[in-house]
Structure formats: structure tokens, C-alpha cells
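Topology and contacts: notes
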Amino acid sequence: MVSQLIFGILLLAALALATRNARVIIRNIRMGRDEKRNDQPAKRLKTMLLVAFGQKKMFKRPFAALLHLFVYLGFCIINIEMLEIVIDGLFGTHRIFAGAGAFYAFLIGAFEWLAFSVLAGCVIFLARRNIARVRRFFGKEMTPWPRTDANLILVAEILLMVAFLTMNAADYKLQSLGAPHYTPGGSFPISSWLLPLLPDGAMALISIERFCWWFHIVGVLLFLNYLPYSKHLHILLAFPNTYFSNLKPQGRFTNMGKVTNEVKAMLDPSYTPEPSDASAHFGAKDVQDLTWKNLLEAYTCTECGRCTAVCPANITGKLLSPRKIMMDTRDRMVEVGENARKNNGFQDDGKALLGDYITREELWACTTCNACVEACPVNINPLEIIVEMRRYLVMEESGAPSSLNAMFGNVENNGAPWKYAQADRANWREG
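Per chain, residue numbering runs from 1 following the sequence as it is written. The predicted origin of the model limits local features to residues at a pLDDT of at least 70 and limits the giving and counting of side-chain atom pairs to 80 or more, whereas totals for whole chains, interfaces and linings rest on all residues. Excluding hydrogens and water, the side-chain values take into account all heavy atoms of the structure.

**Points about the side chain of Arg-330**
Only DSSP runs of H or I covering at least 4 residues are called helices, and only runs of E covering at least 2 are called strands; the numbering of each starts at the N terminus. Among the structural elements, Arg-330 can be located in helix H13 (residues 322–343). Throughout, a residue-residue contact means that at least one pair of heavy atoms, one from each residue, lies within 4.5 Å. Each residue touching Arg-330, except ones within four places of it in the same chain, is listed here: Ala-298, Tyr-299, Cys-301 and Glu-303.

**Focus on helix H10 (residues 292–300)**
Counting buried positions over the 9 residues of H10 gives 9, a clear majority of the element. Taken together, the buried residues of H10 touch helix H1 (2–29), helix H8 (234–243), H13 and helix H17 (382–395). Any residue under 20% of the maximum accessible area for its type is buried, any over 50% is exposed, and the rest in between are partly exposed; the area is computed with a 1.4 Å probe on protein chains only.

**With respect to the pattern of salt bridges**
Side chains carrying opposite charge are able to pair once their charged atoms draw close together. For this document, the term salt bridge refers to a Lys or Arg side-chain nitrogen within 4 Å of an Asp or Glu carboxyl oxygen. Within the structure shown, the criterion is met by 20 salt bridges. Glu-35 is paired through a salt bridge with Arg-37; the nearest N and O atoms lie 3.2 Å apart. Judged by relative accessible area, which is 6%, Arg-37 ranks as buried. Here Asp-200 ties to Lys-173 by a salt bridge, and the two come within 3.0 Å at their closest N and O atoms. Taken as a pair, Asp-200 in the loop between helix H6 (144–177) and helix H7 (202–226) and Lys-173 in helix H6 lie far apart in primary sequence, 27 residues in all. Several salt bridges share partner residues, and in doing so they unite Asp-286, Arg-332, Glu-335, Asp-349 and Lys-351 into one network.

**Here's the deal with helix H2 (residues 41–53)**
Those residues of H2 not exposed but buried are Arg-44, Thr-47, Met-48, Val-51 and Ala-52. Here the buried residues of H2 occupy an arc of 100° about the axis, which is enough to place them on one side. Among the exposed residues of H2, those pointing more than 90 degrees away from its buried face are Ala-42 and Lys-46. Next to the buried residues of H2 lie H8. Positive phi appears at Gln-55, one or two residues downstream of H2, with a value of about 55°. Summarising the geometry, the arc corresponds to the directions from the helix axis toward the C-beta atoms.

Set out below in C-alpha cells:
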């Protein structure tokens, strides 16, 4: 009864903390401006299934994609057994579903093979990060914490899989010894390899099995509450993020409501302007000026670096890194959210996303080629944030580079980006 009570308290505490963390994340995302992304539900569902669940875009790099698929599916499917573990922990039973016979044996056997694939995949990923040192895992924005975060998760998954297999091995040996409470059930194709490494005494085996059982369940509960502070939050948010993907052609700029109203009113005096937020900036200076979808994407970013690896500006040595854009947006969002929580509403802290986190040089280095958007495995769009911040620079601060200002002047005076008058445009045909 004592162990059941302890387990119940731990479970409730973990779920309560996870709920609190989820509310914080939702509250921070809701700081963004409203945007409608609920049209074409069938197409959105298909996109989510292909990109988030099927990991379609990952397979542009087949080796890494297969490893990631094994780790992702293995870890998620293995945790189906959490249902049995929770019931056993609350009611003091042991392998309560073992009565399912052959089907249960099939499930446990499948879980073991998946655990082995997760274990192997995580070991290879650790080697790629720390021995092979794949270039895209490093960069100015990849400070010690992001690199440590990635390693911590990989090590944690390795330990959880080792505990799972060791628990099964000890359980299997106790079943063969006829130990009380350890009724025969399950199939153990992988953990049976560990039997020679285990002691023969029943008490020692019970201690090992119980320790691994507790280690596994507590580890999963800790992992659940670590996710909000980790890039691995994408495990959960990849699904809503891909569902609410932009279904319009990539690169198509959005129109600003206030500007659209003014233009329509100029063209048609009888036009009744549509409601718009008169207090909103032209473009974005801080996270509150971005949409909720932009903020959801910032939380979803996996920090994999695929966007930065294909960015032509970054490749040629410029400051721009699309991954940094998303990481900076997330950091600022968390800062603003904590400010609002402490002060019962946001109090100006003298900082902004533009300038304090993302520099003007980074923004103007972007060629708007959409390479980062195409490369992202979970349909994140750093370009939307870059364009909105450029809009602020141009329309609120008149801060465009001189080359763009010259183009704006030519358009205003000549009706085209070129400096030639309309009457002289065809002179190239002469002579």
C-alpha cells in the first residue's frame, strides 16, 4: 500500500505540473495576433499525417530519417505500456494484461524490438553530434545549453530503454524461477540476451526489477515535464503545427488589413472599411505583433539546423540563420510571457524582439527564397517572421537599405523599379 500511495502521489504531481506547463505554453502562444487557419480541414489533416506522423520531409536525408523514425515511433509506441504500468502502480498488480496470452506476448516482443531500435538510434545520434560533429548541429546560436539539451534527451532515452529491457530480463528470470507474484506472461526476444548478466537469487532479481520499474516510470514522468523547457517539445507540437500549416503558395505575401482598407477607400469612396486593429504596428517589432501561428512555430522548432544549412545567405557567410530567428522568437516570447505573469499584464521592459534579439543586418540578409521553409521537417516558416519585421522597419521606421529606398523612389516617380522614365524604357531597341 505504501508503494501504491507513493506512486499515486508522484503520478498526480507529475500530471498537475504538466498541466500547468501546458497552460503557460498556450497562454504564451495566445499573445500573438489572431489568424484564421481552420479552412480545408481534410487537406490539413492529410498534411499533418504525411509531414508530422509520416515524417515525409525528413526523408530528403534518408539515413537520418530512418534513425529518427525508429527513435520516434519506438519511444511513442513503447509508452503504450505505460497504461499497464500505471494500473499496476495504482492497484499493486503485476503485468495485469498478461492474461491476454499470445497477443500480450506479441506486444511485449514488439516493444522490445522497438526499444532496441530506439537504443541503437540514440547511440548513433550521440556519435553524430559529439564525434562526427555534423556541421549543422553547430552555429553561433547553438550555445552550450541547446547542445546540452540535445545530449541530455538522447542519454535519457538510452537510460530509459536500458531500464525497460533490464526490467523485462529480471522479470523473465523471476518467472522461470516461479517467484510469487511473477506469473508467466510476455515474450522477451531482446532482454533474454541479458539473462547471463543477472544474479540467480530471487531477492536480488526482485530488487533489480523493482528498481528498473521505478526508474522507468519516474523517468517518463520527468521527461514529460522536461519537454516544455526543451527543443523536444516538437514531439507534441509538430502535430498542431503541421495541421495549421500555410496552405497557400509559399512566398505569397499577406496583405495588411489597415493598408488594404485605405487603398480600397481611395479607389471606391463608397467602400465601408473592414474592422482592423488601429493600435497594431505595421509589421512586427515584438512577439505580440506576430501571429499565434508564428509563436506556435517558435515553440515547435526542433533546432535541427536544416533551415540554416540550406540558407544561401548563411552559406555565403552572412549573419542570417533561420534557426536563430525561431530560437530568438521563442526566447523573447517566454520572457514576455513571464513578465506578463509576474505583473498581471505585460509591463514595458525596454526590450523588443527587433534589435535586442534579431538585428537589422540579419533581416536584410534574407533573399526570401523559401529554402528554409522547404527544408523544415515540421513546416515551420521563418520567412513570415522576417518579412513582418522588415515591414516594421520600412513602414514604421523608414529603415530600408539605401538600395531599396532608391527602388521605392523609382516606383513612385517612374512607375517601375528602374530610374528611367516610362517614355525612355524602350530606348534599348534603338542603336
